Amino acid sequence: MELPKLNFQETFDFKFKKDKDKFFIYDLVRKTYLLLTPEEWVRQHWIHYYLTVKAYSVSALITEKKIVLNGLTKRVDLLITEKGEPKILIECKAPHIKLSEKTFEQTARYNSVIGAKEIILTNGLQHIAAYFENEEYQFYKHN
């Protein structure tokens, strides 16, 4: 299986398995193998980044958190918490998906429910990061 090299300085130690013609990647947060989709490949990089580089504990990371937005149930890709409070909301797209103002606005709408201080929209190759302060988003470069 050909996986794109993502825009991370670090290389991570992923565990894979193959079943029939499908590939799976081990999720350290959920402690199970998940179907390896392009979006999951991106999410797993962020999970490994926060666990190994940023030294967060597994309990500080929440994946697939359900939220209700305008009466619809949505799921956020990854939420980093600190002392149980939402800190960073990460919305993952597949590497071939172009990030745009529209996809950023989707992430910001999710965050209107979550209330994280920071959001990151990523396709693994490009990362758009912003702090929420004074009722608006301030963009910054994510390393």
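Everything quoted here is computed from the prediction, not taken from an experiment.

Undergrad: Just to check I follow, could you spell out the pairing of strand β2 (residues 22–27) for this structure?
TA: It is a general feature of regular strands that their side chains alternate between the two faces of the sheet. With 4 bridges joining them, strand β1 (residues 16–19) and β2 adopt antiparallel strand pairing. When the sheet's bridge partners are listed, Phe16 is paired in β2 with Ile25. The antiparallel hairpin formed by β1 and β2 contains 2 residues in its connecting segment, where Lys20 sits at a positive phi of about 55°. Inspection of the sheet shows β2 paired to strand β3 (residues 32–35) by 4 bridges, in the antiparallel sense. Across the sheet, the residue bridging to Ile25 is Leu34, located in β3.

Undergrad: I tried to follow the packing of aromatic side chains on my own but got confused; where do I start?
TA: Given two aromatic rings, one states the distance between the centres and the angle between the planes to describe the pair. Tallied over the full model, the rule gives 16 aromatic pairs. On the numbers, 4.8 Å between centres and 50° between planes, the contact of Phe132 with Tyr137 is tilted. Among the aromatic side chains, those forming a connected cluster through ring pairs are Phe8, Phe12, Phe14, Phe16, Trp41, Trp46, Tyr49, Tyr50 and Tyr56.

Undergrad: Would you mind going over the sheet that holds strand β7 (residues 118–122) with me for this structure?
TA: Backbone hydrogen bonds hold the strands of a sheet together, and the pairing may be parallel or antiparallel. Read from one edge of the open sheet, 6 strands run β4-β5-β6-β7-β8-β9, paired in mixed fashion. Looking along the sheet, the strands with just one partner apiece sit at the ends: β4 (61–69) and β9 (136–140). For this sheet the average axis-to-axis angle between neighbouring strands, irrespective of direction, equals 35°. Here 8 bridges tie β4 to strand β5 (residues 72–82), and the two strands are oriented antiparallel to one another.

Undergrad: Honestly, the nonpolar core in this entry has me stumped. Any pointers?
TA: The nonpolar side chains of a soluble globular protein tend to be buried, and buried together. Residues Trp46, Tyr50, Leu61, Leu78, Ile80, Ile90 and Ile120 are the most contacted members of the largest nonpolar core, which totals 24 residues. Secondary structure elements with two or more residues in this core: α1 (38–53), β5 and β6 (85–92). Membership of the second largest hydrophobic core comes to 16 residues, among which are Leu69, Leu89, Ala116 and Ile128.

Undergrad: What is the right way to read the confidence of the model for the protein from this model?
TA: In low-pLDDT segments, the atomic positions of the prediction should not be examined closely. The predicted model of the protein averages 94 in pLDDT, with 99% of residues at 70 or higher. Mean pLDDT across the elements of the protein ranges from a minimum in β9, with 89, to a maximum in β2, with 98.

What counts and what doesn't
Residues numbered from 1 in each chain as written. Predicted model: local features only at pLDDT ≥ 70, side-chain atom pairs only at ≥ 80, totals over all residues. Heavy atoms only, no water. Pairing = 2+ DSSP bridges. Helix = DSSP H or I, 4+ residues; strand = E, 2+ residues; numbered from the N terminus. Phe/Tyr/Trp six-rings, centres within 6.5 Å; stacked < 30°, edge-to-face > 60°. Axes fitted to C-alpha atoms, helices over the stretch in contact; angles between N-to-C directions. Core = buried A, V, L, I, M, F, W, Y, C linked by side-chain atoms within 4.5 Å. Buried < 20%, exposed > 50% of the residue type's maximum accessible area, 1.4 Å probe, protein only. pLDDT = per-residue confidence, 0-100.

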